[in-house]
Amino acid sequence: MNPLVEFCISNLANGAQETYEVLEKDPNIDVLEYGCLSYCTLCDRSLYALVNGDIVEADTPEELTKKIYQYIEENPLF
């Protein structure tokens with residue numbers, strides 16, 4: 001089972017698209033996008049994604065990518 005990373009389409013438009021594209025190329029991560037994840041306040045102030053249901057946020061796409069990989073490493077599914 002691969003880690004699941006979920007993105008809000010509005011947050012992708014705000015800058016998280018770069019992170020989405022990097023993760024989408026990783027065969028060991030499942031990436032999904034939704035019209036809305038219902039974290040509008042968070043979405044308005046930073047870049048974020050849900051990683052296995054937990055919020056990971058950052059100020060830049062590069063930082064978000066790094067934090068997502070770090071989260072996955074520190075919180076294995078098995």
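Calculation notes
Residues numbered from 1 in each chain as written. Predicted model: local features only at pLDDT ≥ 70, side-chain atom pairs only at ≥ 80, totals over all residues. Heavy atoms only, no water. Pairing = 2+ DSSP bridges. Helix = DSSP H or I, 4+ residues; strand = E, 2+ residues; numbered from the N terminus. Axes fitted to C-alpha atoms, helices over the stretch in contact; angles between N-to-C directions. Buried < 20%, exposed > 50% of the residue type's maximum accessible area, 1.4 Å probe, protein only. Contact = heavy atoms within 4.5 Å. Expected span 1.5 Å × (residues − 1). Bend = angle between axes of the 7 residues up to and from the residue. Phe/Tyr/Trp six-rings, centres within 6.5 Å; stacked < 30°, edge-to-face > 60°.

## Quick notes on the sheet that holds strand E2 (residues 30–34)
- One open sheet accounts for four strands, arranged E2-E1-E3-E4; its pairing is mixed. Looking at strand neighbours, the two that pair on one side only are E2 and strand E4 (54–58), the edges of this open sheet. Taken pair by pair, the neighbouring strands of this sheet meet at an average axis angle of 30°, ignoring direction.
- As judged from the two bridges shared by strand E1 (residues 4–8) and strand E3 (residues 47–51), these two strands associate in the antiparallel manner. Among the inter-strand pairings, Val5 is bridged to a residue of E3, identified as Val51.

## Focus on the environment of Cys8
- Here Cys8 lies in strand E1.
- Classification of Cys8 as buried rests on a relative accessible area of 4%.
- Considering only alpha carbons, one finds Cys8 and Glu63, 55 residues apart in sequence, at a separation of 17 Å.
- For Cys8, the residues in contact, after removing those within four places along its chain, are Tyr34, Gly35, Cys36, Leu37, Cys43 and Tyr48.

## Examining helix H1 (residues 9–24)
- In this model, H1 (16 residues) spans only 15 Å end to end at C-alpha, well below the 22 Å of a helix rising 1.5 Å per residue.
- Of all the bends in H1, the greatest measures close to 100° and is centred on Gly15.
- Of all the residues in H1, the buried ones are Asn11, Leu12, Ala16, Thr19, Tyr20 and Leu23.

## A short note on the packing of aromatic side chains
- Considering all chains together, one arrives at two aromatic pairs under this definition.
- The interplanar angle of 75° and the centroid separation of 5.6 Å between the aromatic rings of Phe7 and Tyr20 together place this pair among those described as edge-to-face. A residue pair is termed long-range when its members are at least 10 positions apart, and Phe7 in strand E1 and Tyr20 in helix H1 qualify at 13 residues. Considered together, Phe7 and Tyr20 belong to a single accessibility category, that of buried residues.
- Summarising the aromatic geometry, the rings of Tyr39 and Tyr48 are spaced 6.0 Å apart at their centres and angled 65° between planes, so their arrangement reads as edge-to-face.
- Its relative accessible area of 31% is what places Tyr39 among the partly exposed residues.
- In this structure Tyr48 comes out as buried when scored by relative accessible area, which is 0%.

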